[in-house]
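Chain by chain, the residues:
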Amino acid sequence: MGNFRNTILSLLLASFLITTGCETTETKPASVPPQAMAPAATDQKANPPQPAKAQEPPKPKPANDATDALIAQAEKLLAAGQANYAAGHLDAARQNFDQAFNLLLSSNLNVHGDERLENEFSKIVDAVHDLELVSLKQGGDGLSEPRSEPAPIDEANDITFPVDPNIKAKAETEIKTTKSDLPLVLNDEVAMFINYFSSPKGKGTLERALARSGRYRDMILATLKETGVPQDLIYLAQAESGFQPLALSRAGARGMWQFMAGRASMYGLERSFWVDERQDPMKSTRAAAEHLKDLYNQFGDWYLAMAAYNSGPGTIQHAVERTGYADYWELYRRGVLPQETRNYVPIILAVTIMAKNPSQYGLEHVSLDPAPNVDQVIIDYPVDLRLVADCVDTTVTYLQELNPSLLRMTTPKGEPYALKLPAGTADKYRTAMALIPSDMRTLWRYHQVEAGETLTTVAHKYHASPSSITEANRLTSDDLVVGSKLIIPVASGRSDSEAVAYSKHPTHYKVRKGDTLDSIADDFDVPVEKLRKWNKLKGTQVPAGRTLVIYKPVSGDTSEVASDESPKPRSQAASHTTAASHSTAKKSSSKSAAAAKYHKVKKGETLSSIASSYDTTVAALRRDNGKTAANLRAGDVLVIRK
């Protein structure tokens, strides 16, 4: 896959797909010269205009069978993933989505060079992002919508502020002594945004961005210098995103440097189901520096380069050719730039002038956030961030801050990933992870024992069995040591074929203020997806005062299983009860047979996880399955008895 993506990158670099950093218009212009030039004036007398020729009707293009077939296959996989998601088959849904992505990315066609294939890829990404999936266990967010923050550039673009003569006069004086490796000018357009960023609302945005810049400032300045572009281009990122790696614009640009998907691909930023490198601070900074350098080489002017970063080089080249002026302010005055691009350069100049003169604008009190100190571990297996947090004694939120390019609660499957951890915890992570089977790292957890906890209460918290925790930790007694860590072998989600038993008699629960589906599911020890099906709900919130139908888990044979959709009719329930009352003797004589279930072992399962799924013990499984349990393999069938 890596070699293929490198091939795709080289193809994309040669193509003329025009999308860009935060491009507001994606056009596909004709080939442009390396330096933007105004068109030469023509002698109308020497070259009199010729009458226009009647245009022939366009010939129909031949159908692209290969493209049609590829899109059809991708659509089929997407539909299968959505169907599996709706049915609660999360692993199957994930496989379908992965297959759809891989099908497009590993084809012999240029996905990002073909508009239809690019649209199909984006459609799949958007469809998957829109699904609100439960986590790998119950009610988590393993496939949830990627986190994002609104891009500040959108808010600034929406404002119209008057020019304050006093602020403009002060700025004119300051700009004469301000040192910058970018050309700085002060006009009414720039003064308007200085006035906005001096207002209470605008100043708050500016102060937060300046503080956050401390996390990445040294890295950004070093990268810009190494690439050979002005270091004050750091303020482009401040204006665009406020240095938020998760910034998302209304146009769909992402990351600190607000790349659109197509342009990101051209500069080597990968985008998959698991990661979006537009949100990687270091990689996106490198890509932005290279892109800005290319734009300067094309236009020979930093204002035009910044404008092209916003709206696309094709838009700026067309404006130059249309007017005959390769000058940003002239293009501004002639009204040939998109509105967002008209504001874009003045916003960046205003931010630059204010940031470089903090005392004059009341910014001297802003303290920069420290750059995070991290350890980096290269892993090639999927692991849940909740388990990682347990291993190194930190929070999931902090891990997400250290790994902003990660879209999911789990790291990528089948490819290397540079996992960033709090400084000094790499060895601690490796030691703790070595005790977790490689195929259980998206399921199992660590738990630090707190005062008053027992083996039973810990097991209930994670929907595990006490016996599985005892076996995984080789405990010799039920006494737990406060502060010690336990491995929790959380069982995977149960499938319909395993016939989890729920009472046929519904319990009715009136939702109280503060309740969520997760908390209610935990209280009644039922999966969140069951609550949704029984009550035809979506999402995780439920209004207070609503009465929910809940079928509690029961032990016994599968005749007690309730419908996923609705309560059973009274007549059916009564009939079942009557039949049961006339067969007491028969049931008592065949009790062991009626209580037996059969389970086909799946890849990655252990005796502990299977015992937890059926609320039995490892000892019982070994007792009833002899040699099969002693040498467990995928495909084996186990007898399950209470």
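Since we're looking at a predicted model, the values are computed, not measured.

Basis of the calculations
- Every chain's residues receive numbers from 1 upward, in the order its sequence appears when written.
- Only residues with pLDDT of at least 70 are given local features in this predicted model, and only at 80 or more are side-chain atom pairs given and counted; all residues enter the totals for whole chains, interfaces and linings.
- As a rule here, side-chain values cover all heavy atoms of the structure and leave hydrogens and water aside.
- Confidence scores per residue from the predictor, reported as pLDDT, run from 0 to 100.
- Contacts are residue-level and defined by heavy atoms, with any inter-residue pair within 4.5 Å sufficient.
- Throughout, an axis means a line fitted to C-alpha atoms (over the contacting stretch in the case of helices), and angles, computed between N-to-C directions, take values from 0 to 180 degrees.
- Strands here mean DSSP runs of E at least two residues long; helices mean DSSP runs of H or I at least four residues long; both are numbered from the N terminus.
- Angles below 35 degrees are treated as roughly parallel, those above 145 as roughly antiparallel, those between 65 and 115 as roughly perpendicular, and all remaining angles as oblique.
- Crossing handedness follows the turn of the near helix against the far one: under a right angle anticlockwise gives a left-handed crossing, and clockwise gives a right-handed one.
- Each residue is assigned to one of three groups, with Ala, Val, Leu, Ile, Met, Phe, Trp, Tyr, Cys and Pro labelled nonpolar, Asp, Glu, Lys and Arg labelled charged, and all others, Gly among them, labelled polar.
- Within this scheme, the nonpolar core is defined by two criteria: the residues are buried Ala, Val, Leu, Ile, Met, Phe, Trp, Tyr or Cys, and they are joined through side-chain atoms within 4.5 Å.
- Relative accessible area decides the class of each residue, using a 1.4 Å probe on protein chains only: under 20% of the type maximum gives buried, over 50% gives exposed, and in between gives partly exposed.
- What qualifies as a polar contact is a pair of N or O atoms within 3.5 Å, subject to a donor-acceptor requirement within protein and to the restriction that residues adjacent in sequence count only when both atoms come from side chains.
- Between the rings of Phe, Tyr and Trp (Trp by its six-membered ring), a pair exists once the centres lie within 6.5 Å; its type follows the angle of the planes, with under 30 degrees stacked, over 60 edge-to-face, and the other angles tilted.

A.B. asks: Explain the confidence of the model for the chain to me, and be specific about the residues and the numbers.
C.D. replies: Detailed reading of the predicted coordinates is not advisable wherever pLDDT falls low. On average, residues of the chain score 78 in pLDDT, and 75% of them are at 70 or above. For residues 1-21, every residue scores under 50 in pLDDT, and the model assigns this stretch 65 contacts once sequence neighbours within four places are set aside. Taken together, the stretch residues 555-595 has pLDDT below 50 and engages in 42 contacts with residues farther than four places along the chain or on a different chain.

A.B. asks: Give a detailed account of the packing of helix H13 (residues 302-311) against helix H16 (residues 339-355), specifying residues and quantitative values.
C.D. replies: The N-to-C vectors of H13 and H16 enclose an angle of 125°; their axes lie 9 Å apart at closest approach. Considering the angle they form, H13 stands oblique to H16. Between H13 and H16 lies a crossing of right-handed hand. For the pair H13 and H16, the contacting residues are Tyr303, Met306, Ala307, Tyr309, Asn310 and Ser311 in the first and Glu340, Thr341, Tyr344, Val345, Ile348 and Leu349 in the second. Residue composition of the contact of H13 with H16, grouped by class: 8 nonpolar, 3 polar and 1 charged.

A.B. asks: For the nonpolar core, give the residues involved together with the corresponding values.
C.D. replies: Counting 77 residues, the largest nonpolar core has Ile194, Phe197, Ile220, Trp257, Tyr309 and Tyr328 as the members making the most contacts within it. For this core, the element with the most residues is H16, which contributes 10 residues. Residues contacting Ile220, with those up to four places away along its chain left out, are Ile234, Phe243, Met256, Trp257 and Thr285. Counting 45 residues, the second-largest nonpolar core is a separate cluster that includes Ala74, Val383, Leu399 and Trp444.

A.B. asks: Before we move on, could you go through helix H17 (residues 385-392) and cite the residues and values that matter?
C.D. replies: Counting buried positions along H17 gives 6 out of 8 residues, so the element sits mostly inside the fold. If you check which residues of H17 are buried, you get Leu385, Leu387, Val388, Ala389, Cys391 and Val392. Buried residues along H17 sit against helix H18 (396-402), strand E4 (417-422), helix H19 (426-433), strand E5 (445-448) and strand E6 (485-488). Looking at where H17 begins, the residue whose side-chain oxygen comes 2.7 Å from the main-chain nitrogen of Arg386 is Asp384.

A.B. asks: Can you explain the side chain of Asn187? Please cite residues and give values.
C.D. replies: Summarising the element assignment, Asn187 is placed in the loop between helix H6 (165-175) and helix H7 (188-198). Engagement of the side chain of Asn187 in a polar contact is seen with the backbone nitrogen of Val190, the distance being 3.0 Å. Among residues more than four places away in sequence, those in contact with Asn187 are Lys168 and Trp329.

A.B. asks: I'd like to hear about the packing of H7 against H16, residue by residue, with values.
C.D. replies: With their axes 8 Å apart at the nearest point, H7 and H16 run at an angle of 60° to one another. Considered as vectors, H7 and H16 are oriented oblique to each other. Once H7 is placed against H16, the crossing between them reads as right-handed. Taking contact as the criterion, the partners of Glu189, Val190, Phe193, Ile194, Phe197 and Ser198 in H7 are, on H16, Asn343, Pro346, Ile347, Leu349, Ala350, Val351, Ile353 and Met354. Looking at the contact of H7 with H16, its residues break down into 11 nonpolar, 2 polar and 1 charged.

A.B. asks: An account of the packing of aromatic side chains is requested, with residue identities and associated values reported.
C.D. replies: As enumerated under the stated definition, the model contains 9 aromatic pairs in all. Where Trp534 meets Tyr551, the ring centres are 5.1 Å apart and the plane angle is 70°; that geometry is what we call edge-to-face. Of this pair, Trp534 sits in helix H23 (residues 528-535) while Tyr551 sits in the loop between strand E8 (547-550) and helix H24 (570-581), and the two are 17 residues apart along the sequence. The class for Tyr551 is buried, based on a relative accessible area of 1%. Connected via pairs of aromatic rings, a cluster forms that spans Tyr303, Tyr328, Trp329 and Tyr332.

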